[in-house]
Amino acid sequence: MLIYIVRHGETNMNQARILQGSYDEPLNEAGISLAKITGKALKGIHFDEAFTSPLSRSFDTIRILLDESENLLTPIHIDKRLQEVNTGDWTLKHLDDKTDPEYEHIHQFFKDPFSYLDVPNGENVYDVMKRTQEFIKELAARNDDKTYLIGTHGFATRCLLNMFYENKNDFWHGHVPYNCCFNILEVKNNDISLIKEDVCFYDKDSIKDYYS
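Owing to the predicted nature of the structure, the values given are computational and were not obtained by experimental measurement.

Rules behind the numbers
- Residues numbered from 1 in each chain as written.
- Predicted model: local features only at pLDDT ≥ 70, side-chain atom pairs only at ≥ 80, totals over all residues.
- Heavy atoms only, no water.
- 1 Å grid on protein atoms, 1.4 Å probe; cavity = no way out; pocket = protein on both sides within 12 Å on 5 of 7 lines; lining within 4 Å.
- Points joined across faces, edges and corners; volume = space filled by probe spheres on them.
- Helix = DSSP H or I, 4+ residues; strand = E, 2+ residues; numbered from the N terminus.
- Nonpolar A, V, L, I, M, F, W, Y, C, P; charged D, E, K, R; others polar.
- Expected span 1.5 Å × (residues − 1).
- Buried < 20%, exposed > 50% of the residue type's maximum accessible area, 1.4 Å probe, protein only.
- Contact = heavy atoms within 4.5 Å.
- Polar contact = N/O pair within 3.5 Å; in protein donor to acceptor, adjacent residues only side chain to side chain.
- Core = buried A, V, L, I, M, F, W, Y, C linked by side-chain atoms within 4.5 Å.
- Axes fitted to C-alpha atoms, helices over the stretch in contact; angles between N-to-C directions.
- Left-handed = near helix turned anticlockwise from the far one by under 90°.
- Pairing = 2+ DSSP bridges.
- Salt bridge = Lys/Arg side-chain N within 4 Å of Asp/Glu carboxyl O.

(A) How the structure looks around empty space enclosed by the protein. Inspection of every chain in the model, using the stated rule, returns one cavity of 30 Å³ or more. In this structure, the largest cavity spans a volume of roughly 240 Å³. The set of elements that each furnish at least two residues to the lining of the largest cavity consists of helix 4 (103-111) and helix 6 (154-161). Partitioned by chemical class, the residues of the lining of the largest cavity number nine nonpolar, seven polar and three charged.

In structure tokens, the structure reads:
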């Protein structure tokens, strides 16, 4: 079994460094273009099933990837466990607004989610780890020979993959996953391993890191 896990394409809020969380922000033109380029690069890979967060930026990324890679008949399933972290009262706040009374708390949470667990009316890192890892373990338990495509988000991706990292205390593993980048899991004899990390199927000059 192979499981391709992709972060959605770019949004205007990514570009503006605004906390989207579980707010349903759509792809922008650059995000749509990046998904199309990535989808074309995936031609030749047959995806048996796809699963996605219900948020449109993830769902639309998956739909474009399947269309462009000629997997038009692949069924898409929505699973709320793949949704981005609920940032509660911080949703739509600007990461660079130093006048915000929550600025220091937001940056503490963003820099090291394990050190700040009291997101007002939202989720913490362990909440998201629990649901995303539950999803991937459930899928891996099928232990079949199929190839799956999973659409999710930056924070949710790192939560899902944390169980595979050598240093589990390093949450971001170097950086926020890039838009439309892939992490690939392989399942053999009920053993799950991370075989590719943060792979971009597009020109490296197109990689944007809005959260460095």
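(B) Up close: helix 5 (residues 125-140). Across its 16 residues, helix 5 extends 22 Å between first and last C-alpha, which sits within 8% of the 22 Å expected from 1.5 Å per residue. Along helix 5, the residues classified as buried are Val125, Val128, Met129, Arg131, Thr132, Gln133, Phe135, Ile136, Leu139 and Ala140. Its buried side turned inward, helix 5 meets strand 1 (2-7), strand 2 (49-52), strand 4 (147-152), helix 6, strand 5 (181-188) and strand 6 (191-200). Of the residues flanking the start of helix 5, the one acting as N-cap is asparagine 124, its side-chain oxygen 2.9 Å from the backbone nitrogen of tyrosine 126.

(C) Unusual backbone geometry, seen in detail. One non-glycine residue, arginine 17, lies in the positive phi region at around 60°. With respect to the helices and strands, arginine 17 occurs in the loop between helix 1 (12-16) and helix 2 (29-41).

(D) Main features of the nonpolar core. Counting residues in each nonpolar core, the largest one holds 21 residues, and the members touching the most others are Trp90, Val125, Phe155, Cys159 and Phe171. Looking at this core, the elements with two or more residues in it are helix 4, helix 5 and helix 6. In contact with phenylalanine 171, other than residues within four places in its own chain, are Pro113, Phe114, Val125, Phe155, Arg158, Cys159 and Tyr165. Core analysis: the second largest hydrophobic core is formed by 18 residues, Met1, Phe135, Tyr148 and Ile150 among them.

(E) Molecular detail of the packing of helix 2 against helix 3 (residues 56-68). With their axes 7 Å apart at the nearest point, helix 2 and helix 3 run at an angle of 40° to one another. In the packing of helix 2 onto helix 3, the handedness of the crossing is right-handed. Facing Ile32, Ala35, Lys36, Thr38, Gly39 and Lys40 of helix 2, the residues of helix 3 in contact are Thr61, Ile64, Leu65 and Glu68. Along the lines of polarity and charge, the residues of the contact of helix 2 with helix 3 split into four nonpolar, three polar and three charged.

(F) Quick look at the sheet that holds strand 6. The strand order across the open sheet formed by six strands is 3-2-4-1-5-6, and the pairing between neighbours is mixed. Two strands bound the open sheet, and with one partner strand each, they are strand 3 (76-78) and strand 6. Sheet twist, expressed as the mean angle between neighbouring strand axes with direction ignored, is 20°. In this sheet, strand 4 lies alongside strand 1 in parallel orientation, the contact comprising six bridges. Residue pairing across strands places isoleucine 3 opposite tyrosine 148, the latter belonging to strand 4.

(G) Spatial organisation of the pattern of salt bridges. For the structure on display, the rule yields 13 salt bridges. Across the pair aspartate 96 and arginine 17 runs a salt bridge, and its minimum N-O distance is 2.9 Å. With aspartate 96 in the loop between strand 3 and helix 4 and arginine 17 in the loop between helix 1 and helix 2, this residue pair connects regions lying 79 residues apart in the sequence. The buried category is assigned to arginine 17, whose relative accessible area is 17%. For glutamate 68, the salt bridge is made with lysine 40, and the minimal N-O distance between the two is 2.7 Å. On the criterion of sequence distance, the pair formed by glutamate 68 in helix 3 and lysine 40 in helix 2 is long-range, its members being 28 residues apart. Of the residues examined, lysine 40 reaches a relative accessible area of 44% and is grouped as partly exposed. Linked by salt bridges that have partners in common, Asp79, Arg81, Glu134 and Glu138 make up one network.

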